[in-house]
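Each chain, written out:
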Amino acid sequence: MLLSLNNCMPDALKDSEIESDVWGRELSFRPGECVQLLAPSAKGKTTLISYLYGIRFDYSGSIRLDDSDQKALKPDKWALVRREKMAVVFQDLRLFDDLSGLDNIMIKARLTNYCQKEDVTALGGRLGMKSALDKHVRTLSWGEKQRVAILRALVQPFDWLLLDEPFSHLDADNRERAIELIAGEVKKRKAGILLTCLDENRYFRYGMKVKV
Amino acid sequence: MNNLLFRVLWKRKSKWELVFASIGFLIGMFLFLFCLQVYLDMDYIFNSGLSREKQLDYLIISKKVELGTTTIIDPAFHEEEIKEIKSQSFVKDLGLVLPNAFEAQAVVDVFGRGFRTELFFEAVPDEFLDVIPENWEWEEGETRLPVMISRDFLLLYNFGFSQARGFPLVSEDLIKSVPITVEIRGRGAGQRFKAQVAGLSDRVASILVPYTFMKWANEKYGINKNLSPMRLIIAVKDRTDPEIVRFIESSNYETSKEKLRLSDAGFTIKIILGILGLIGIFLIILALVVFLTTFRLIILKNVFEIRLLLDLGYRSGDLVKTIVSVFAILLLIITIVDSVFLLLAVNFFHNFLTGNGIGIAQTFGFQLITTGLLIIAFVFFVNYLGLLRIVKKNYF
């Protein structure tokens, strides 16, 4: 799925002087591309993810998913996109506190049946989450929650994986494991990655670096 | 149904609103449907399959008998009087209610005891009868005698007499099978007849025999051959014609009021039924509002959950279905419980009626089932559409 921005400008940044490779320009992300979205905070990285994932619409200009205008997609069509075309790790994670880690992942996996329970526990094992998955999310550490959120994004088919500062609370070891897992899953699907981060890094083999 | 979805959406909901709304709905449905059934039964009983018009078109008139007046009025109608009544504009047809001019006694064998009682008969021409039972015709020479009694007599026996004496109740069918021996006497001669109740009349409060029999017996055994009728039965063009009342009052006549009373009683019962039915409808509406509010609350209390579920790729329809499926199960339980209650109540009511000699042709009717299902379907879809609307309004 080709993602393209045409003269897109968030309403919040309309009147500010900005220097950006994204806002107010022509830009497209080709299928299978691995993109690093780089910026200090408050430049609109999360905003871009929200636009692409169809959660926010407060901008001028246009954003297209293949041939469809982002603003014209119907809710049920968005549901389909989120089931099969795009997976996301939100910066604020957004998990159900009252469910276990496993149930948080299963509630997503049930939508497509792309992964069964055993697949999920196997994936969890690779992130060192074997026992933590059965605990209520509210009792987990931030780092464990982050890994639940990452796992939740990987139990569905997708063309694009949107990662919004996904490793912010992981130590180096856990980060390495997560990167390896993600890279493998992305390759399996021949999908692309859009990753936002504050500083330059070499987590993935980026084909494109964009300053937001 | 997705079990996880259910847990996410229902966890914060206290179940009590739903329980109370369900009980209210259950009672409302029961009241409304039971009243409907009783109303249908009443309609059937009062109209006995005939149109209202046909029922009310007949009047029986007699002369007013007053105690304490100095003038003694001859209670019989004479030819000039009959002629005058016949000439009234509201009269369509007029028949004589012939009394017996002979002595009559009945011998009945009831539950091993013999009863002997003085009896009176009356006869009206067949075209004035509300029902003409089988074997009603009588010809000279027959020893069989069909009689017809007022349904009110049976009710009086069942409600009053049998209860006080501890006698069993008598049904319509039973009374028709009781053999009665009737002896008539006069002018030094007599004769016995095997009488049998052939039918029950709602129109004439009397003991009726065929007109042909009465004419023959009065002729043969009558002490006073020129006995004038004390009661007349008239067919009127329009029962509501005020001229009828004016004429009857000015001529110092009176009408049999039983028909009026019966419809009065029916009217009262129908008003009570109407009130109960309205309470039922009110309860149903109240429950409907509580249901809607409860679901609305679920949608609004779970803002974070629903937002996230939608962002994960759930459709609004999936969420509504999860909530509504609980409602569907609830409605199913209510339907089953209500059906059982209604079946028992209607059965009890019908047994009560037949036990008191009131014939009921209707059973647990399809009107009841259709009405019940229509209400349930209506309540379900109002909630379903309401939920969809609330989700769409608040999240898109």
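It should be noted that the structure appears before, not after, this text.
**Q** I would appreciate a short explanation of the sheet that holds strand β6 (residues 86–89) of chain A in the present structure.
**A** Within a sheet, neighbouring strands are paired by backbone hydrogen bonds and run either parallel or antiparallel to one another. All names here are of chain A. Sheet architecture is open: five strands sit in the order β6-β7-β8-β3-β9, paired in parallel fashion. At either margin of the open sheet sits one strand with a lone partner, and together these are β6 and β9 (208–211). The mean inter-strand angle of the sheet, taken between neighbouring strand axes irrespective of direction, is 15 degrees. With four bridges joining them, β6 and strand β7 (residues 160–164) adopt parallel strand pairing. Counted as the bridge partner of Val 89 is Leu 163 from β7.

**Q** Please clarify how the packing of aromatic side chains should be interpreted in this entry.
**A** Any two aromatic rings considered together are summarised by their centre-to-centre distance and by the angle between their planes. According to the stated counting rule, one finds 29 aromatic pairs over all chains in the structure shown. Centroid distance B:Phe30 to B:Phe34: 5.8 Å. Interplanar angle 5 degrees. Geometry classified as stacked. Placement of the pair is B:Phe30 and B:Phe34 together in helix α2 (residues 16–47), with a separation of four residues, close to one helical turn. Take B:Phe30: its relative accessible area is 23%, and that puts it in the partly exposed class. Taking relative accessible area as the criterion, B:Phe34 reaches 21% and is therefore assigned partly exposed. An aromatic cluster is defined as three or more aromatic residues linked by ring pairs; in this entry it consists of B:Phe6, B:Trp10, B:Phe25, B:Phe291, B:Phe295, B:Phe327, B:Phe380, B:Phe381 and B:Tyr384. Over the ring of A:Phe90 we find A:Arg94; its NZ or CZ atom is 4.8 Å from the centre of that ring.

**Q** Sorry, what's going on with the interface of chain B and chain A here?
**A** How big an interface is tends to be stated in terms of accessible area lost as the parts join. In this assembly, 19 residues from chain B lie in contact with 21 residues from chain A. Buried surface at the junction of chain B and chain A, summed over both partners, amounts to about 1900 Å²; 61% is from carbon and sulfur atoms. Taken as a group, B:Leu4, B:Asp311 and B:Leu312 account for 35% of the area that chain B buries against chain A, more than any other trio of residues on that side. Linking chain B with chain A are four salt bridges, by the criterion used here. One salt bridge connects B:Asp311 with A:Arg82, and the closest N-O pair in it is separated by 3.7 Å. Counting across the interface, chain B meets chain A through eight residue pairs in polar contact (both at pLDDT 80 or more). Secondary-structure elements contributing two or more residues to the side of chain B that touches chain A are α1 (3–10) and α10 (303–312) of chain B.

**Q** What am I meant to see in helix α6 (residues 172–189) of chain A here?
**A** At 3.6 residues per turn, the α-helix brings residues three or four places apart onto the same side. Residue and element names in this part refer to chain A. Taking 1.5 Å of rise per residue, the 18 residues of α6 would be expected to cover 26 Å, and the 26 Å separating its terminal C-alpha atoms lies within 8% of that figure. Within α6, the full set of buried residues consists of Asn 174, Ala 178, Ile 179, Leu 181, Ile 182, Glu 185, Val 186 and Arg 189. Considering only its buried residues, α6 is in contact with α4 (117–126), α5 (142–153), β7 and β8 (192–197). Capping the start of α6, Asp 171 holds a side-chain oxygen 3.1 Å from the backbone nitrogen of Asp 173, two or three residues further along. Where α6 terminates, the next one or two residues include Lys 190, which has phi positive at roughly 50 degrees.

**Q** I tried to follow the pattern of salt bridges on my own but got confused; where do I start?
**A** Note on pairing: side chains with opposite charge can pair once their charged atoms come close. For the structure shown, the criterion picks out 21 salt bridges over all chains. Where B:Arg231 meets B:Glu122, a salt bridge forms, and the shortest distance between an N and an O atom there is 2.8 Å. Here B:Arg231 is found in strand β10 (residues 231–236), whereas its partner B:Glu122 is found in strand β5 (residues 122–123), with 109 residues between them in sequence. With respect to burial, B:Arg231 and B:Glu122 carry one shared label: buried. Through salt bridges with shared partners, one network takes in A:Arg82, A:Arg94, B:Arg307 and B:Asp311.

Each value, and the rule that gives it
Position numbers for residues count from 1 along each chain, tracking the sequence in the order it is written. Here chains are named by letter from A upward and ligands by number from 1 upward, in the order in which they appear as written. Given that this is a predicted model, residues contribute local features only at a pLDDT of at least 70 and side-chain atom pairs are listed and counted only at 80 or more, while totals for whole chains, interfaces and linings are drawn from all residues. Water and hydrogen atoms play no part in the side-chain values, which are based on all heavy atoms of the structure. For two strands to pair, DSSP has to find at least two bridges joining them. Working definition: helices are DSSP H or I runs of at least four residues, strands are E runs of at least two. Numbering for both runs from the N terminus. Angles run from 0 to 180 degrees between N-to-C directions of axes, and those axes are lines fitted to C-alpha atoms, restricted for helices to the stretch in contact. Pairs were defined over the aromatic rings of Phe, Tyr and Trp, the Trp ring being its six-membered one, requiring ring centres within 6.5 Å. Orientation was assigned from the angle between planes: stacked under 30 degrees, edge-to-face over 60, tilted for the rest. Between buried and exposed lies partly exposed: a residue is buried under 20% and exposed over 50% of the maximum accessible area for its type, with that area taken using a 1.4 Å probe on protein chains only. By definition, being over a ring means that NZ of Lys or CZ of Arg is both within 6 Å of the ring centre and within 35 degrees of the ring normal. Here a residue-residue contact requires only that any non-hydrogen atoms of the pair lie within 4.5 Å. When two parts are put together, the accessible area they lose, computed with a 1.4 Å probe and summed over both, is reported as buried area. For salt bridges, the criterion is a side-chain nitrogen of Lys or Arg within 4 Å of an Asp or Glu carboxyl oxygen. In protein, a polar contact means a hydrogen-donor-capable atom and an acceptor-capable atom, both N or O and within 3.5 Å, with residues adjacent in sequence counting only if both atoms are side-chain atoms; elsewhere, any N or O pair within 3.5 Å suffices. Expected span, for any helix, means 1.5 Å times one less than how many residues it has.

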